[in-house]
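Descriptive analysis of the structure
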Amino acid sequence: MALLGAGDDLPPNYTHDDPFRNAIYRRAGVLLHPTSLPGKYGIGELGAEAIKFLDWLHKTGCSIWQVLPLVPPGRKSGEDGSPYAGQDANCGNTLLISLDELVKDHLLEEADLPDAIPVNNIDYVSVAELKDPLIVKAAKALVNSEGFLRNELEEFRKRPQISGWVEDAALFAAIDNDTDARVWWEWPEPLRDRHPDALEKAREHHREFIDAFVAQQFLFQKQWQALHKYANDKGIKIIGDMPIYVGGHSADVWANRNKFELNIETGISSLVSGVPPDAFSATGQLWGSPLYNWKAMAKDGYSWWIKRMQRAFELFDEFRIDHFRGFAGYWAVPAGSETAMLGTWKMGPREEFFDAVKRAVGKIDIIAEDLGVITGDVVALRKNIGAPGMSVLQFAFGSDSKNPYLLHNHEVDQVVYPGTHDNATTLGWWQRIPLQEKENVRSLELLRCLIVFSVTVKIWRCHLHAGEELC
């Protein structure tokens, strides 16, 4: 139509451009981390109960299952199972492996299975003490077996998309398991600094541990992908979750020191993550994760991030990126600070980063977690890459009609939640909000909507209390 002028005939299909018929398809789903599924051994698993959940989700007409990060939670620093304090960005949490499925694969015997432990508030230490030895036993049985499953393990390990991270992760875990040091930068210097001879000796010395580690990751992948396929066959897409930062004590940082803001000599973080003081915290939030050296990452085309994105798209159909605003501008706090007050805003990699990802991966099907202090550059970046943002109904009723979380202020490209894993359940929220906020809800006649959401949504809870400065 660009060549037509006023008064010219429009094409016969002119009226086919119906904005309502061509509108974006609206979807509904449930946020439920697998740990919160029913399970016989103290934690939800990737077995029969997960299948039952997907069957129920399909019957309701929902087409989305959203999970929290599936990474193995760190165990040395009191994270208590939080998937936002993971020890590796690409590994799966082996505590989710179904013991019953291992029996079906003839890697465990029925007699190996422990007595049932009902899932309530998950005690991760007890769950690990119960399940870890059995999962290791199954992994070793697989390594020492012959046949189709053993061949699948070998193919898994040879794939460049897997070997690129699993070998470093396995070696890191083996050394970590063999030392009393709390963090890798306290390891003996040859291992800390990855001297080739020291690494080769470690690989040889820990060969059995490393082989079993890789086998456990294979078993996690096997069970998760079977569940993923089952969901897709039911018309359900799985949305994952990716924390923007990774833990300092991780294979990712140890094996890629030049890509993080670390002391060159010691490997200790020089700048760490957090957010500045706001209405909710007078001292800000000090997360403590090492920040990325975005200039170094740009030099090799963001290869570490591209591998991470490729892995995420292998596990999920789409995924949310936590703290998306860090790609536009991020708060950098000097390491050793007791609070996040004395930080500096620095520029993130912005569109250049996502352009590189799209060229390498082919798509950017992500949800941008854009909650908190959001500036115009964050909104512009999200819209430029076509990523939907988030809106949380629990935040909607404490102010006036301009509140961006109220329904009349929602946008088409948003994912709307009653609350997230950081919030109370809807019932808990309702019981503790001020009277005036309750009156705001009633006046907008949205209480019924929230009650419906509270029935269909379960929230997992953790139970734990480019580098340039911006002006």
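Rules behind the numbers
- Residues numbered from 1 in each chain as written.
- Predicted model: local features only at pLDDT ≥ 70, side-chain atom pairs only at ≥ 80, totals over all residues.
- Heavy atoms only, no water.
- Helix = DSSP H or I, 4+ residues; strand = E, 2+ residues; numbered from the N terminus.
- Rg over C-alpha atoms; globule rule 2.2 N^0.38 Å.
- Buried < 20%, exposed > 50% of the residue type's maximum accessible area, 1.4 Å probe, protein only.
- Contact = heavy atoms within 4.5 Å.
- Axes fitted to C-alpha atoms, helices over the stretch in contact; angles between N-to-C directions.
- Parallel < 35°, antiparallel > 145°, perpendicular 65-115°, else oblique.
- Nonpolar A, V, L, I, M, F, W, Y, C, P; charged D, E, K, R; others polar.
- Core = buried A, V, L, I, M, F, W, Y, C linked by side-chain atoms within 4.5 Å.
- Patch = residues over 30% accessible without salt bridge, like charges linked within 9 Å, V, L, I, M, F, W, Y side chains within 5 Å.
- Areas by Shrake-Rupley, 256 points an atom, 1.4 Å probe, with all protein chains shown as cover.
- Salt bridge = Lys/Arg side-chain N within 4 Å of Asp/Glu carboxyl O.
- Pairing = 2+ DSSP bridges.
- Arc of directions from axis to C-beta.
- pLDDT = per-residue confidence, 0-100.
- Expected span 1.5 Å × (residues − 1).

1. What about the overall build of the chain?
Regarding its fold elements, the chain presents 16 helices and 11 strands. A compact globule built from 471 residues should have a C-alpha radius of gyration of about 23 Å, and the chain, at 24 Å, falls within 12% of that. With the C-alpha coordinates of the chain rotated into their principal frame, the extents come out at 80 × 55 × 50 Å. Residues classed as buried in the chain amount to 49% of the 471 residues present.

2. Some remarks on the side chain of Asn256
On the secondary structure map, Asn256 appears in the loop between helix 9 (251–255) and strand 4 (271–275). Ignoring anything within four residues of it in the chain, the contact list for Asn256 reads Ala251 and Trp304.

3. Examining the packing of helix 8 (residues 207–233) against helix 11 (residues 303–315)
At a minimum axis separation of 10 Å, helix 8 and helix 11 run at an interaxial angle of 55°. Here helix 11 runs oblique to helix 8, going by the angle between their axes. Contacts between helix 8 and helix 11 involve Gln221, Trp224, Gln225 and His228 from the first element and Arg311, Glu314 and Leu315 from the second. In the contact of helix 8 with helix 11, the residues fall into two nonpolar, three polar and two charged.

4. With respect to the nonpolar core
Among the nonpolar cores identified, the biggest contains 103 residues, and Trp65, Trp224, Trp305 and Phe327 are the most heavily contacted of them. If one sorts the elements of this core by residue count, helix 8 sits on top with 11 residues. Look past the residues within four positions of Trp305 in its chain and what remains in contact with it is Met242, Ile244, Tyr292, Trp294, Met297, Phe327 and Phe353. Counting 15 residues, the second-largest nonpolar core is a separate cluster that includes Ile64, Leu371, Ala396 and Tyr417.

5. Comments concerning a nonpolar patch on the surface
The grouping of Leu4, Leu10 and Tyr14 at the surface amounts to a nonpolar patch, some 270 Å² of accessible area in total. Its location among the elements puts Leu10 in the segment before strand 1 (29–31).

6. Thoughts on the sheet that holds strand 4
Neighbouring strands of a sheet are bound in pairs by backbone hydrogen bonds; such pairs are parallel or else antiparallel. The strand order across the open sheet formed by four strands is 5-4-7-8, and the pairing between neighbours is antiparallel. Edge positions in the sheet fall to strand 5 (285–290) and strand 8 (344–347), since each of these pairs with one other strand and no more. Averaged over all pairs of adjacent strands, the angle between strand axes in this sheet comes to 45°, irrespective of strand direction. With three bridges joining them, strand 4 and strand 5 adopt antiparallel strand pairing. Looking across to strand 5, one finds that Val272 is bridged to Pro290.

7. Quick word on helix 7 (residues 196–205)
Since the α-helix advances by 3.6 residues per turn, residues separated by three or four positions end up pointing in the same direction. Listing the buried residues of helix 7 in full gives Ala198, Leu199 and Ala202. Take helix 7 and look down its axis: the buried residues cluster within an arc of 100°, on one side only. The exposed residues of helix 7 that point more than 90 degrees off its buried face are Pro196, Asp197, Lys201 and Glu204. Close packing links the buried residues of helix 7 with helix 5 (160–177), helix 6 (189–192) and helix 9.

8. A short note on the environment of Phe327
Following the sequence through the fold, Phe327 ends up in the loop between strand 6 (318–321) and strand 7 (329–334). For the pair Phe327 and Lys346, spaced 19 residues apart in sequence, the C-alpha to C-alpha distance is 9.9 Å. Here Phe327 is in contact with Ile244, Trp294, Trp305, Ile321, Gly348, Pro349, Arg350, Phe353, Phe354 and Leu381, once residues within four sequence places are set aside.

9. Structural notes on the pattern of salt bridges
Counted by the stated rule, this structure contains 28 salt bridges. Across the salt bridge formed by Arg382 and Glu411, the nearest N and O atoms sit 3.5 Å from each other. Placement of the pair is Arg382 in helix 13 (residues 376–384) and Glu411 in the loop between strand 10 (389–392) and strand 11 (414–417), with a sequence separation of 29 residues. Each of Asp370, Arg382, Lys383, Glu411 and Asp413 takes part in a single network of salt bridges with overlapping partners.

10. Some points on the confidence of the model for the chain
For the chain, the average pLDDT comes to 90, and 92% of its residues sit at 70 or higher. When the criterion is pLDDT under 50, residues 455–465 qualifies, and its contacts beyond four places in sequence or with other chains add up to 33 contacts.

11. Things to note about the sheet that holds strand 9 (residues 366–368)
Sheet architecture is open: five strands sit in the order 1-2-3-6-9, paired in parallel fashion. If you trace the sheet from one side to the other, it starts and ends with strand 1 and strand 9, each paired once. Neighbour-to-neighbour, the strand axes of this sheet turn through a mean angle of 20°, independent of strand direction. The pairing of strand 1 with strand 2 (residues 64–66) spans three bridges and is parallel. Within strand 2, the residue paired with Gly29 across the bridge is Ile64. Running over the sheet, helix 8 touches strand 2 and strand 3 (237–242) and is turned about 135° from strand 3.

12. So, helix 12 (residues 350–361)
The end-to-end C-alpha separation of helix 12 is 17 Å, in line with the 16 Å expected for 12 residues at 1.5 Å each. Those residues of helix 12 not exposed but buried are Phe353, Phe354, Ala356 and Val357. The buried residues of helix 12 occupy an angular sector of 155° when projected down its axis, which confines them to one face. Summarising the contacts, the buried residues of helix 12 are in contact with helix 10 (294–299), helix 11, strand 9 and helix 13. Directly after helix 12, the chain includes Gly362, whose backbone phi takes a positive value near 100°.

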